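Examination of the molecular architecture
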Amino acid sequence: MITELNNQNNFNKYRYLLVDNLVSLNSINPLSHDSLVNQFGEEKLFGEHKLTQVLRTDLDYDPSIYPTLIKLAEPNEFLDSPILDEIGKQAEIECFWSKRYICAYIVSPLKPSILAKQVDSYR
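The model shown is predicted, which means the values in this text are computed figures rather than measured ones. Going along each chain's sequence as written, the residues are numbered from 1 onward. Reporting in this predicted model follows two pLDDT cut-offs: at least 70 for local features of residues, and 80 or more for side-chain atom pairs to be given and counted; totals over whole chains, interfaces and linings ignore these cut-offs and use all residues. Values shown for side chains rest on all heavy atoms present in the structure; no hydrogens or waters enter the calculation.

Counting along an α-helix, one turn takes 3.6 residues, and residues three or four places apart therefore face a common direction. We count a stretch as a helix when DSSP gives it H or I for four or more residues in a row; a strand needs E for two or more, and each element gets its number in order from the N terminus. In this analysis, the expected span of each helix is defined as 1.5 Å times one less than the number of residues it contains. With 12 residues, helix H4 (residues 83–94) extends 16 Å between its outermost C-alpha atoms, agreeing within 8% with the 16 Å of an ideal straight helix rising 1.5 Å per residue. If you check which residues of H4 are buried, you get Ile-83, Leu-84, Ile-87, Gln-90 and Glu-94. End-on, the buried residues of H4 take up no more than an arc of 125°, which puts them together on one face. Exposed residues pointing more than 90 degrees away from the buried face of H4 are listed as Asp-85 and Glu-92. Pairs of residues are marked as contacts when any of their non-hydrogen atoms sit within 4.5 Å. Buried residues along H4 sit in contact with helix H1 (2–5), strand S1 (14–19), helix H3 (33–40), strand S3 (68–73) and strand S4 (102–108). Exposure classes here rest on a 1.4 Å probe applied to the protein chains alone. A residue is buried below 20% of its type maximum, exposed above 50%, and partly exposed in between. Here, the arc refers to the directions that run from the helix axis to the C-beta atoms.

Next up, the structure:
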């Protein structure tokens, strides 16, 4: 997967992972919402965050279960992250689940905040 995400066509775009927080993982799992917030949820004074909530008007009662867009790499940034191994392991575990936490890898020229709005409009 890392080869595909870093290939010539994708290297100059953002690379993301979309997860569904309606499925909860154990908080010690490195991909759980709590772990991701601890690892990537730093408050930045400017720019885009690593984690972006995808707003869902049908779930407006509880923002903690909104899907999360995780920015894995920015344009022209080589993606070489240990999190990819964890994503692969989790996806294998979920292959027989009726609802999955790991939803999709997304490659896009769009910044996280814009892509999150686009993802919400497609559901």
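Here the aromatic set is Phe, Tyr and Trp, taking the six-membered ring for Trp, and pairing holds for ring centres within 6.5 Å; pairs whose planes are under 30 degrees apart are stacked, those over 60 apart are edge-to-face, and all others are tilted. Scanning the entire structure with this criterion turns up one aromatic pair. Judged by centre distance (5.8 Å) and plane angle (20°), the ring pair of Tyr-14 and Tyr-16 falls under stacked. The two residues Tyr-14 and Tyr-16 agree in class, both being buried.

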